[in-house]
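Spelled out, the chains give:
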Amino acid sequence: MKKELIIIALVFISCSQQKAVDTTVLKNEIIQADIKMSGLAAKAGFNHSLLAFADSSFVKLSDGNQPIIGKAAFASSFNQDKDVKTISWTPANAEVAKSGELGYTWGNWKFVTPDTTFYGNYFTIWKKQADGSWKIGLDGGNGTPAPAN
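This structure is a prediction, so every number in the text was calculated from the model and none was measured. (Residues numbered from 1 in each chain as written. Predicted model: local features only at pLDDT ≥ 70, side-chain atom pairs only at ≥ 80, totals over all residues. Heavy atoms only, no water.)

**Some words on the side chain of Lys60**
To be explicit about the condition: Numbered from the N terminus, helices here are DSSP runs of H or I no shorter than four residues, and strands are runs of E no shorter than two. When accessible area is computed with a 1.4 Å probe and restricted to protein chains, residues below 20% of their type maximum are described as buried, those above 50% as exposed, and intermediate ones as partly exposed. As used in this structure description, the phrase polar contact means that two N or O atoms lie within 3.5 Å; if the pair is within protein, one of them must be able to donate a hydrogen and the other to accept it, and residues adjacent in sequence are counted only when both atoms belong to side chains. Whether two residues touch is decided by their heavy atoms; if any such pair falls within 4.5 Å, the residues are in contact.
Assignment of secondary structure puts Lys60 in strand β1 (residues 54-60). According to the relative accessible area criterion, Lys60 is buried, its value standing at 9%. A distance of 2.8 Å separates the side chain of Lys60 from the side chain of Asp139, its partner in a polar contact. What Lys60 contacts, discounting residues up to four positions off in sequence, is Phe46, Leu50, Pro67, Ile68, Phe74, Asp139 and Gly140.

**Here we look at the nonpolar core**
In plain terms, the rule: By nonpolar core we mean a set of buried residues, namely Ala, Val, Leu, Ile, Met, Phe, Trp, Tyr and Cys, connected to one another through side-chain atoms within 4.5 Å.
By size, the foremost hydrophobic cluster in this structure holds 22 residues, and its most contacted members are Met37, Leu50, Trp89, Trp126 and Ile136. For this core, the secondary structure elements donating two or more residues are α2 (23-44), α3 (46-53), β1, β3 (87-96), β5 (117-128) and β6 (134-144). Tallying contributions element by element places α2 first for this core, with 5 residues. In this structure Ile136 touches Met37, Leu50, Phe53, Ala54, Asp55, Phe58, Thr124, Ile125 and Trp126, once residues within four positions along its chain are discounted.

**Here we look at the pairing of β1**
What counts here: Two strands make a pair as long as DSSP finds a minimum of two bridges between them.
The buried count for β1 comes to 5 of 7 residues, which makes it a mostly enclosed element. Summarising the sheet, β1 and β6 pair through 3 bridges and their orientation is parallel. Pairing of Lys60 across the sheet is with Asp139, part of β6.

Below, the structure written as structure tokens:
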């Protein structure tokens, strides 16, 4: 009986202990995902790149608009044939929660039109998926003045 209690206790202890998470590795993963998403935006368009990296419960925040909630709602919110391919962004920093399940990137974006160039900041909250990939849970940003040289 003692042996069985010890085994049961060890099972409970091992189940309650969390694995150590290397947040440095995970930070690099979401930075790389962010960079890949920007690269895809140049080829397929901004909205298409967000869709490719979006979680099913994705929320898009945009200045002057109500939030768009859900990947399907976002997909139907723009003209699929006319997507912006002249926007790019670069992550400035990233952080990952100790649990390793959530993280965020933030950085600067640049949108080029024939007449002018717009600048801004963005943030993206990433959710770790069961397959180990990272998907966007929440994305938003704002316009800023041109960066100082």
